[in-house]
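# Close look at the chain arrangement
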Amino acid sequence: MDESKSILDQIIATQQVSHRDNFHPGATLEKLLGLLPAREREVLVRRFGLGPSPTETLESIGRTLQVTRERVRQIERLAIAKLRESSEARAILHPLQQVVVELLEADGGAATNARVLTELQEAGDSVAPAVLSFYLIEVLADVVAPLGGEGMPYVPGWRLRSASLDVLDALIARAREIIEARGVPIRGDDLAVLLVRD
């Protein structure tokens with residue numbers, strides 16, 4: 001057995017545990033929102049459902065704040081830009097970013113939305129899925145990108161921006177060829193066996 005590999009595996013495992021130990025999405029949200037002025041904080045909480053209430057429309061928030069919905073959108077974008085660009089926010093987000101990157105790397109650079117949200121819920125303190133989605137969609141947009149959607153051959157999920165989808169596209173193309181050649185439905189397990197043989 002190669003001892004250097006064993007030591008490296010131990011170091012990697014220790015770092016992953018360390019990142020997960022520092023992964024507290026609820027506390028992270030409080031710290032992030034604390035970096036913003038009250039009005040920007042209120043817009044984000046209400047717009048993305050980051051508090052006890054569900055998400056609200058731009059119009060609803062605008063009526064309360066006595067501004068136009070376009071002004072609410074501007075406040076929202078300004079607040080998100082501050083969170084993305086602030087070195088203080090980056091430091092607060094680092095454990096979260098590391099856990100997300102490790103999760104996606106372990107799955108080859110991409111995973112379904114359900115898997116990502118479940119893993120993040122299990123790794124950290126209990127927060128609403130809206131909070132985790134806010135992190136992925138708005139704050140970590142330079143690291144992760146949505147996967148799937150209308151007209152895409154993928155189940156909705158997340159991928160690392162650094163991950164290539166070429167292998168996944170080739171796998172999907174080969175699976176289609178196998179299914180079309182057979183002319184009948186095929187079980188997922190059987191398809192996986194055929195793909196591995198190729």
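Heads up: the structure comes first, above all this text.
Residues numbered from 1 in each chain as written. Predicted model: local features only at pLDDT ≥ 70, side-chain atom pairs only at ≥ 80, totals over all residues. Heavy atoms only, no water.

## Brief notes about the overall build of the protein chain
Put simply, the rule reads: Segments assigned H or I by DSSP are reported as helices when at least four residues long, segments assigned E as strands when at least two residues long, and all are numbered from the N terminus. Each residue is placed in one exposure class: buried if its accessible area under a 1.4 Å probe, protein chains only, is under 20% of its type's maximum, exposed if it is over 50%, and partly exposed if it falls in between. Each accessible area value is a Shrake-Rupley result obtained with a 1.4 Å probe; residue values ignore everything except the protein chains displayed when judging cover.
The helix and strand tally for the protein chain stands at ten helices and three strands. Helices (α) and strands (β) of the protein chain occur, in sequence order from the N terminus, as α-α-α-α-α-α-β-α-α-β-β-α-α. By residue count, 38% of the 198 residues in the protein chain fall in the buried class. Of the roughly 11,700 Å² of accessible surface on the protein chain, a fraction of 54% belongs to carbon and sulfur atoms.

## Some words on the sheet that holds strand E3 (residues 157-160)
Here is the rule we go by: Whether two strands pair comes down to DSSP finding at least two bridges between them. Fitting a line to C-alpha atoms yields each axis, with helices limited to the stretch in contact; the angle taken between N-to-C directions then spans 0 to 180 degrees. The contact definition used throughout considers only heavy atoms, calling two residues in contact when any of these lie within 4.5 Å.
Strand order in this open sheet of three strands is E1-E3-E2, and the pairing throughout is antiparallel. With partners counted over all chains shown, the strands left at the sheet margins are strand E1 (110-112) and strand E2 (144-147), one partner each. On average, each strand axis in the sheet is inclined to that of its neighbour by 25 degrees, with strand direction left out of account. Relative to E3, E1 is paired through three bridges, and the arrangement is antiparallel. Looking at the pairing, Ala 111 lines up with Trp 158 of E3. Running over the sheet, helix H6 (residues 87-106) touches E1, E2 and E3 and is turned about 95 degrees from E3. Taken strand by strand, helix H7 (residues 113-123) contacts E1 and E3, and its axis lies near 90 degrees from that of E1.

## Regarding the environment of Arg 159
Counting through the fold element by element, Arg 159 comes out in strand E3. Here Arg 159 falls in the buried class, since its relative accessible area comes to 18%. Each C-alpha atom of the pair Arg 159 and Ala 111 lies 6.5 Å from the other, and the pair is 48 residues apart in sequence. For Arg 159, the contacting residues outside a window of four places in its chain are Leu 104, Gly 109, Ala 110, Val 143, Val 144, Ala 145, Leu 147 and Leu 165.

## Quick look at the pattern of salt bridges
Going by this rule: One side-chain nitrogen of Lys or Arg within 4 Å of one carboxyl oxygen of Asp or Glu is enough to make a salt bridge.
Scanning all chains against the criterion turns up 15 salt bridges. Between Glu 76 and Arg 77 there is a salt bridge, with its nearest N and O atoms 2.7 Å apart. Note on Arg 77: relative accessible area 37%, which makes it partly exposed. Where salt bridges share partners, they join Arg 47, Glu 76, Arg 77, Arg 84 and Glu 138 into one cluster.

## Quick look at the side chain of Thr 28
Tracing the chain through its elements places Thr 28 in helix H2 (residues 25-34). Leaving out residues up to four positions away in the same chain, Thr 28 has contacts with Ile 92, Leu 93 and Tyr 135.

## Some words on the packing of aromatic side chains
Applied cut-off: Pairing of aromatic rings covers Phe, Tyr and the six-membered ring of Trp, with a centre-to-centre limit of 6.5 Å; geometry is then stacked below 30 degrees between planes, edge-to-face above 60, and tilted otherwise.
Under the definition given, this model contains two aromatic pairs. Pairing Phe 134 with Tyr 135 gives two aromatic rings, centres 6.3 Å apart and planes at 45 degrees, and the pair type is tilted. Judged by its relative accessible area of 1%, Tyr 135 is buried. Clustering of aromatic rings is evident, with ring pairs tying together Phe 48, Phe 134 and Tyr 135.

## A short note on the packing of helix H3 (residues 38-48) against helix H4 (residues 58-65)
In plain terms, the rule: By convention the crossing between two helices is left-handed if the near helix lies anticlockwise of the far one by an angle smaller than a right angle, and right-handed if it lies clockwise. All amino acids are sorted into three groups, where Ala, Val, Leu, Ile, Met, Phe, Trp, Tyr, Cys and Pro are nonpolar, Asp, Glu, Lys and Arg are charged, and the leftover types, Gly among them, are polar.
Two elements in contact, H3 and H4, have axes separated by 10 Å at closest approach and are oriented at 145 degrees. Taken as a pair, H3 and H4 cross one another with a handedness that is right-handed. Contacts from Arg 39, Glu 42, Val 43, Arg 46 and Arg 47 in H3 reach Leu 58, Ser 60, Ile 61, Thr 64 and Leu 65 in H4. Tallied by class, the residues present in the contact of H3 with H4 amount to four nonpolar, two polar and four charged.

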